[in-house]
Amino acid sequence: MAVGPETFPHMYPVAGVGIGVAEAGIKRPGRRDVVVFSLAEGGAVAGVFTRNAFCAAPVHLCKARLQEKAAVRYLLINTGNANAGTGPRGMQDAMRCCNALAGHAGVTENQVMPFSTGVIGEPLPVTKIEAVLPTALERVAEDNWENAAWGIMTTDTRPKGASVQLSIDGKTVTITGISKGAGMIKPNMATMLGFVATDAAVDQALLQQLASAGANQSFNRITIDGDTSTNDSLILMASGASGVELDESHANFIEFRTALFKVMQDLAHAIVKDGEGATKFVTVRVEDAVDSEEALKVAYAIAHSPLVKTAMSASDPNWGRILAAVGYAGVHDLDVTALQIWLDDVCIVKNGGRAESYTEEQGQAVMSLEAFTVRVNLTRGGVTETVWTTDLTQEYVSINADYRS
């Protein structure tokens, strides 16, 4: 079950970025579950990772690679096993996989960044992964994005991708990305993997700024169930193969940044729309807050509330649940008499109580839609923040009760 049409967009190849996909049988025989990205020599890599204290071994290794400014040339991704909660062996296994790929590719071990997603607490089946690395490398091609999108899925019901091209300095610049994630989704990354690449030349420091800022407008503004994963990783690559060099002084930099952030937001929205058991794509926008922190407190209180989310599932406009969530969000000295709440353009709460014009039929008509907006005006300041979430259904419970079977 997922929200919206099951369509995969056209994916423009990114010059200087190749992808190979193989079937290691990590969880199920014949399933695409090992993906290798190759990046042209001289390219730059940036990343944003989970803040979970129990972050997985591959997350530790990736962060170390970036901190030591390694000249990363390859990414190695496996699904079916998270290699998290695996202690010292988990780190040894991650390094062993990196060493194996490095040996086949003719690079050093620290030029490989590993990523894992799947079941937590089980040893990584290193031998299975090692066995298919030559196949993955043989299959490396620049037009392999859709195969890769399938290859990084876990409980996702469909692959997720976004791609755009711009004309800069008379040359074509491409931005293409894929993501995975459907459950265990909460900001400070989510149980997601995201890989976005461009053929523009961007130095590593600026690329890191773009990765962090872009995540805060996309992947760090989504939530399915309020659980922060151990393995979240967002990687941004710049191959430089287009011959277009970008910095903040370039006349087209803002246009490039806007396009990049749009790709990242599209990938984040795709995760929400494919949320485990989801039938609704819900935008929660909090307006006129004193600051961003205050706005996000309110937005996440609504987006995380099981009572609000189950009401959404039933298309039940139980506005009292939304009102209660705003009330317990922790806003200091909140003037409830000034509060206003809408479902799309239907005002449900005004001056702290039910709007006189509101009817249950109006609210139910909005909540019956596949996509709608809960809009809260705090009338306290000038800051607006937006979060995207889903409803909470019986299917979500079933999926997670059977996840390891």
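Residues numbered from 1 in each chain as written. Predicted model: local features only at pLDDT ≥ 70, side-chain atom pairs only at ≥ 80, totals over all residues. Heavy atoms only, no water.

The next subject is the overall build of the protein chain. What the protein chain contains, in helices and strands, is eleven helices and 15 strands. Across its three principal directions, the C-alpha atoms of the protein chain cover 70 × 55 × 35 Å. Considering only contacts in the protein chain between residues 6 or more positions apart, those separated by 24 or more positions represent 82%. When the accessible area of the protein chain is evaluated, it comes to approximately 15,900 Å², of which 49% is carbon and sulfur surface. The distance from the centre of the 32 positive side-chain charges to the centre of the 45 negative ones in the protein chain is 4 Å. (Helix = DSSP H or I, 4+ residues; strand = E, 2+ residues; numbered from the N terminus. Contact = heavy atoms within 4.5 Å. Areas by Shrake-Rupley, 256 points an atom, 1.4 Å probe, with all protein chains shown as cover. Lys, Arg positive; Asp, Glu negative; His and termini not counted. Charge placed at Lys NZ, Arg CZ, Asp CG, Glu CD.)

Take helix H6 (residues 253–273) next. The end-to-end C-alpha distance of H6, which contains 21 residues, comes to 30 Å, matching closely the 30 Å that a straight helix rising 1.5 Å per residue would cover. Taken together, the buried positions of H6 are Phe253, Phe256, Ala259, Leu260, Phe261, Val263, Met264, Leu267, Ala268, His269, Ile271 and Val272. (Expected span 1.5 Å × (residues − 1). Buried < 20%, exposed > 50% of the residue type's maximum accessible area, 1.4 Å probe, protein only.)

This part covers unusual backbone geometry. In the Ramachandran plot, Asn351 falls in the positive-phi region, its phi being about 55° despite a non-glycine side chain. One can find Asn351 in the loop between strand S12 (346–350) and strand S13 (353–354). Even without being a glycine, Thr379 presents a positive backbone phi close to 50°. The class of Thr379 is partly exposed, set by a relative accessible area of 37%.

Let us now look at the sheet that holds strand S11 (residues 340–343). Pairing between sheet strands relies on hydrogen bonds along the backbone, with the strands arranged either parallel or antiparallel. Pairing in this open sheet of six strands is mixed, and the strands run S13-S12-S11-S14-S10-S15 from one edge to the other. Of all the strands in the sheet, the pair left with one neighbour each is S13 and strand S15 (383–390). Taken together, the four bridges between S11 and strand S14 (residues 371–377) define a ladder with antiparallel strand orientation. Pairing of Trp342 across the sheet is with Arg375, part of S14. Packed onto the sheet, H6 meets strand S10 (281–289) and S15 and runs at close to 45° relative to S15. (Pairing = 2+ DSSP bridges. Axes fitted to C-alpha atoms, helices over the stretch in contact; angles between N-to-C directions.)

With that settled, the discussion passes to helix H5 (residues 204–216). Each α-helix turn comprises 3.6 residues. Residues three or four places apart therefore point the same way. Across its 13 residues, H5 extends 18 Å between first and last C-alpha, which sits within 8% of the 18 Å expected from 1.5 Å per residue. Looking at H5, one finds that the buried residues are Leu206, Leu207, Leu210, Ala211, Gly214 and Ala215. The buried residues of H5 all sit within an arc of 165° when viewed along its axis, so they share a single face. Considering only its buried residues, H5 is in contact with strand S3 (44–49), strand S9 (233–238) and H6. Residue Asp203 occupies the N-cap position of H5, its side-chain oxygen lying 3.1 Å from the main-chain nitrogen of Ala205. (Arc of directions from axis to C-beta. Polar contact = N/O pair within 3.5 Å; in protein donor to acceptor, adjacent residues only side chain to side chain.)

Before going further, it helps to examine the domain arrangement of the protein chain. Here the domain parsing of the protein chain yields domain 1 (17–274) and domain 2 (281–402). For domain 1 and domain 2, the distance between their C-alpha centroids amounts to 33 Å. Tallying the contact residues gives 16 residues for domain 1 and 15 residues for domain 2. Summing both sides of the interface, domain 1 and domain 2 together bury roughly 1,200 Å²; the carbon and sulfur share of this comes to 64%. With its nearest N and O atoms 3.4 Å apart, the salt bridge here joins Arg221 to Glu385. Summed over the shared surface of domain 1 and domain 2, the result is seven residue pairs in polar contact (both at pLDDT 80 or more). (Domains from an automatic or database assignment. Buried area = accessible area lost by both parts, 1.4 Å probe. Salt bridge = Lys/Arg side-chain N within 4 Å of Asp/Glu carboxyl O.)

Turning next to the sheet that holds S9. Within the open sheet, the five strands sit side by side as S3-S9-S8-S7-S6. Their pairing is mixed. For this open sheet the edge positions go to S3 and strand S6 (160–168), each flanked by a neighbour on one side alone. Strand-to-strand twist in this sheet, taken as the mean axis angle between neighbours without regard to direction, amounts to 10°. The sheet contact formed by S3 and S9 spans six bridges and is antiparallel. Residue pairing across strands places Ala44 opposite Ala238, the latter belonging to S9. Contacting S3 and S9, H5 runs over the sheet at an angle of about 30° to S3.

The subject of this paragraph is the side chain of Lys309. By secondary structure assignment, the location of Lys309 is in helix H8 (residues 306–313). A polar side-chain atom of Lys309 sits 3.2 Å from the main-chain carbonyl oxygen of Ala303. Among residues more than four places away in sequence, those in contact with Lys309 are Thr223, Ile224, Ala303, His304, Thr389, Thr390, Asp391 and Leu392.

Attention now goes to the environment of Arg375. Structurally, Arg375 is set in strand S14. Classification of Arg375 as buried rests on a relative accessible area of 17%. Aside from chain neighbours lying at most four places away, what touches Arg375 is Arg285, Glu287, Gln340, Ile341, Trp342, Asp344 and Asp345. Polar contacts involving the side chain of Arg375 include one to the side chain of Glu287, which spans 3.4 Å.

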